[in-house]
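Structural characterization, general
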Amino acid sequence: AQTVTQSQPEMSVQEAETVTLSCTYDTSESDYYLFWYKQPPSRQMILVIRQEAYKQQNATENRFSVNFQKAAKSFSLKISDSQLGDAAMYFCAYRSADNNDMRFGAGTRLTVKP
Amino acid sequence: DTGVSQDPRHKITKRGQNVTFRCDPISEHNRLYWYRQTLGQGPEFLTYFQNEAQLEKSRLLSDRFSAERPKGSFSTLEIQRTEQGDSAMYLCASSLAVGANTYTQYFGPGTRLTVL
């Protein structure tokens, strides 16, 4: 079964600085999707960025980018120019191309210091 | 329609009572998913529908849980004879599936269930 591991329960970053959140996953499949979702306190989960495993190019969405290392099964999220509004729980998620069972990591709580 | 909505947002019940939650997906989305999220953990998949058909159920979905999507639009999740271990956030998500492609899941705000 696929598993997703986020080894950093908590991370902290100074406003305007850069932070990287780690995620590793375990799978025997070659075709899958990876996601980073953001869950602000008491608010709903929002998609931050998505990566298709067949694409070698790392996905980028404004200040958010990923470092996708397929062979190492690693999918880290880099947040540049951190803003106070980035403070939230961040979840890494895996979904096989063949089914709809999305697996989530345990999350990383990001604090942004002014 | 600006997103996935869920009702109620909070529910407190006594052990042994039945509860029902509702999810309204994004209107053009044909897939609807239910997840459970306990404190300090990521969401865990429970079940999903394509239109009105329930296509997959997790082993987490015990026989006390039942989900429906009768007209392929909104869905309900019922928990019978609630137990304290059922206390969690219940999240709904929806997505669009076209042919072999399934697009991103968008989440609702969740229903927080507390079983006393």
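Whatever comes next refers back to the structure up there.
The following paragraphs examine the structure supplied in this document. Predicted model only: the values in this text are computed from it and were never measured.

Brief notes about the layout of surface pockets
- Considered as a void within the structure, the largest pocket measures approximately 520 Å³ in volume.
- Forming the boundary of the largest pocket are 22 residues, of which A:Q39, A:R109, B:Q37, B:L39 and B:R112 lie nearest the centre.
- Tallied by class, residues from the lining of the largest pocket come to nine nonpolar, nine polar and four charged.
- Here the second largest pocket is characterised by a volume of approximately 380 Å³.
- Along the wall of the second largest pocket there are 18 residues; nearest its centre are A:R103, B:E44, B:F45, B:R59 and B:L60.
- The class makeup of the residues in the lining of the second largest pocket is seven nonpolar, seven polar and four charged.

Looking at the sheet that holds strand β1 (residues 5-7) of chain B
Residue and element names in this part refer to chain B.
- With antiparallel pairing, four strands are arranged side by side in an open sheet as β1-β3-β8-β7. Across the chains shown, the open sheet's two edge strands, defined by having one partner strand only, are β1 and β7 (65-68). Between one strand and the next, the sheet's axes are offset by a mean angle of 15°, whatever the strand orientation.
- Summarising the sheet, strand β3 (residues 19-24) and strand β8 (residues 75-79) pair through five bridges and their orientation is antiparallel. Within β8, the residue paired with R22 across the bridge is T76.

Criteria and thresholds
- Within each chain, residues carry numbers counting from 1 in the order of the written sequence.
- Whichever chain is written first becomes A and whichever ligand is written first becomes 1, with later ones labelled in order.
- Note on the predicted model: pLDDT of at least 70 is required for a residue's local features to be given, and 80 or more for side-chain atom pairs to be given and counted; whole-chain, interface and lining totals, by contrast, use all residues.
- Side-chain numbers come from the whole structure's heavy atoms, not from hydrogens or water.
- Using only the protein atoms, space was sampled on a 1 Å grid; points where a 1.4 Å probe fits but cannot get out form cavities, open sets with protein on both sides within 12 Å along at least five of seven lines form pockets, and lining residues are those with an atom within 4 Å of a point.
- Grid points are joined across faces, edges and corners, and a volume is the space filled by probe spheres set on the points.
- Polar here means any residue outside two lists: the nonpolar Ala, Val, Leu, Ile, Met, Phe, Trp, Tyr, Cys and Pro, and the charged Asp, Glu, Lys and Arg; Gly therefore counts as polar.
- Any two strands between which DSSP finds at least two bridges are classified as paired.
- To qualify as a helix, a DSSP run of H or I must reach at least 4 residues; to qualify as a strand, a run of E must reach at least 2; elements of each kind are numbered from the N terminus.
- Every axis in this analysis is a line fitted to C-alpha atoms, fitted for helices over the stretch in contact. Angles between the N-to-C directions lie between 0 and 180 degrees.

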